[in-house]
Amino acid sequence: RLTERSVNIIAEKCLNLTKIQFYEYITDKSLIFLANNCRLITHITLSECQNITDDSLIAFAENCHNLKYIICNKSKTITDDSLIALSRNCRDITYIDFSYIRNITDRGLQALAENCTNLTTVMFNHNGVGDVNITDIGVQALATKCHLLTKVEFILIDLTDISLIALEIFSF
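(A) Here's a closer look at the overall build of the protein. When helices and strands are tallied, the protein shows seven helices and six strands. The C-alpha radius of gyration of the protein comes to 16 Å, within 12% of the 16 Å expected for a compact globule of 172 residues. Once the C-alpha set of the protein is aligned to its principal axes, its extents read approximately 50 × 30 × 25 Å. Within the span of the protein, comprising 172 residues, buried residues form 47% of the whole. Once local pairs closer than 6 in sequence are excluded, the contacts in the protein between residues at least 24 apart make up 73%. For the protein, the computed accessible surface area is about 8500 Å², with 50% contributed by carbon and sulfur atoms. When the 15 positive and 20 negative side-chain charges of the protein are each reduced to one mean point, those points stand 9 Å apart.

(B) Structural detail: the sheet that holds strand β2 (residues 43–47). With parallel pairing, six strands are arranged side by side in an open sheet as β1-β2-β3-β4-β5-β6. Two strands close off the open sheet at either side, each with one partner strand: β1 (19–23) and β6 (151–153). Looking at each pair of strands side by side, their axes are set apart by 5° on average, direction ignored.

(C) Structural view of the side chain of threonine 45. Among the structural elements, threonine 45 can be located in strand β2. With near-sequence residues (within four places) excluded, threonine 45 lies in contact with Ile20, Gln21, Phe22, Tyr23, Tyr69 and Ile71.

(D) Main features of the pairing of β2. Counted residue by residue, β2 has four buried out of five residues, so it is predominantly covered. As paired elements, β1 and β2 share five bridges and run parallel to each other. Among the inter-strand pairings, glutamine 21 is bridged to a residue of β2, identified as threonine 45. Each parallel crossover has a hand, and the one from β1 via helix α2 (residues 28–37) to β2 is right-handed. Traced from β2 through helix α3 (residues 54–63) to strand β3 (residues 69–73), the parallel crossover comes out right-handed.

(E) Representation of the packing of α3 against helix α4 (residues 80–89) in the model. Running from N to C, α3 and α4 cross one another at 5°; their axes reach a closest spacing of 8 Å. Taken together, α3 and α4 sit at an angle that is classed as roughly parallel. Residue-level contacts link Asp54, Leu57, Ile58, Ala61 and Glu62 of α3 to Asp81, Ser82, Ala85, Leu86 and Asn89 of α4. Looking at the contact of α3 with α4 residue by residue, the class counts come to five nonpolar, two polar and three charged.

(F) Up close: the nonpolar core. With 51 residues, the main nonpolar core has Leu34, Ile41, Ile96, Phe98, Leu119, Phe124 and Leu142 as its most contacted residues. Not counting residues within four places of it along the chain, the set of residues in contact with phenylalanine 124 comprises Leu83, Ile96, Phe98, Ser99, Ile104, Leu109, Leu112, Ile134, Glu153, Phe154 and Ile157.

(G) Local environment of the pattern of salt bridges. Per the stated rule, a full pass over the model turns up six salt bridges. Note that glutamate 4 and lysine 29 form a salt bridge whose closest N and O atoms lie 3.6 Å from each other. With glutamate 4 in helix α1 (residues 4–13) and lysine 29 in helix α2, this pair connects stretches of sequence that are 25 residues apart. Put simply, glutamate 114 and lysine 145 hold a salt bridge, and the shortest N to O gap is 3.5 Å. Taken together, the residues glutamate 114 in helix α5 (residues 106–115) and lysine 145 in helix α6 (residues 136–145) connect sequence positions 31 residues apart.

Criteria and thresholds
Residues numbered from 1 in each chain as written. Predicted model: local features only at pLDDT ≥ 70, side-chain atom pairs only at ≥ 80, totals over all residues. Heavy atoms only, no water. Helix = DSSP H or I, 4+ residues; strand = E, 2+ residues; numbered from the N terminus. Rg over C-alpha atoms; globule rule 2.2 N^0.38 Å. Buried < 20%, exposed > 50% of the residue type's maximum accessible area, 1.4 Å probe, protein only. Contact = heavy atoms within 4.5 Å. Areas by Shrake-Rupley, 256 points an atom, 1.4 Å probe, with all protein chains shown as cover. Lys, Arg positive; Asp, Glu negative; His and termini not counted. Charge placed at Lys NZ, Arg CZ, Asp CG, Glu CD. Pairing = 2+ DSSP bridges. Axes fitted to C-alpha atoms, helices over the stretch in contact; angles between N-to-C directions. Right-handed = clockwise from strand over helix to strand, strands pointing away. Parallel < 35°, antiparallel > 145°, perpendicular 65-115°, else oblique. Nonpolar A, V, L, I, M, F, W, Y, C, P; charged D, E, K, R; others polar. Core = buried A, V, L, I, M, F, W, Y, C linked by side-chain atoms within 4.5 Å. Salt bridge = Lys/Arg side-chain N within 4 Å of Asp/Glu carboxyl O.

Shown next, in the form of structure tokens:
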């Protein structure tokens, strides 16, 4: 199992790091240290990292402006604040997967649509447990502003024909 000390050593020694993946065992403290030191990161995967909060992703947004690819799924505490910070600071994001995160709303999608117009892939799937806070409004914003989209996933999110009509111009 990866320890906080191990991540700190990576952050101190690998300043040119561009891609990193973590599964499950990682803390905000380690990720913030990594984001503060490894500012060239373009790709990050945080899969099933239950112990992270918006603080981690905001640190990446504030320090890693070249971020293009982010997967952050199955976190219980991530909110729109992360998406808003990423959209304001990392405008070249092309791939984003925030699946199975309950606290994402249209507000976060609208921020992405407004600032990250180079998006090619967006995935905001839901596991069917709890409320879904994404509606046609968020999907319409993405469809209106993000003309490079080639992959869109909103599994188990109760969208209407309004979203489908907005997305039909892409002919996936």
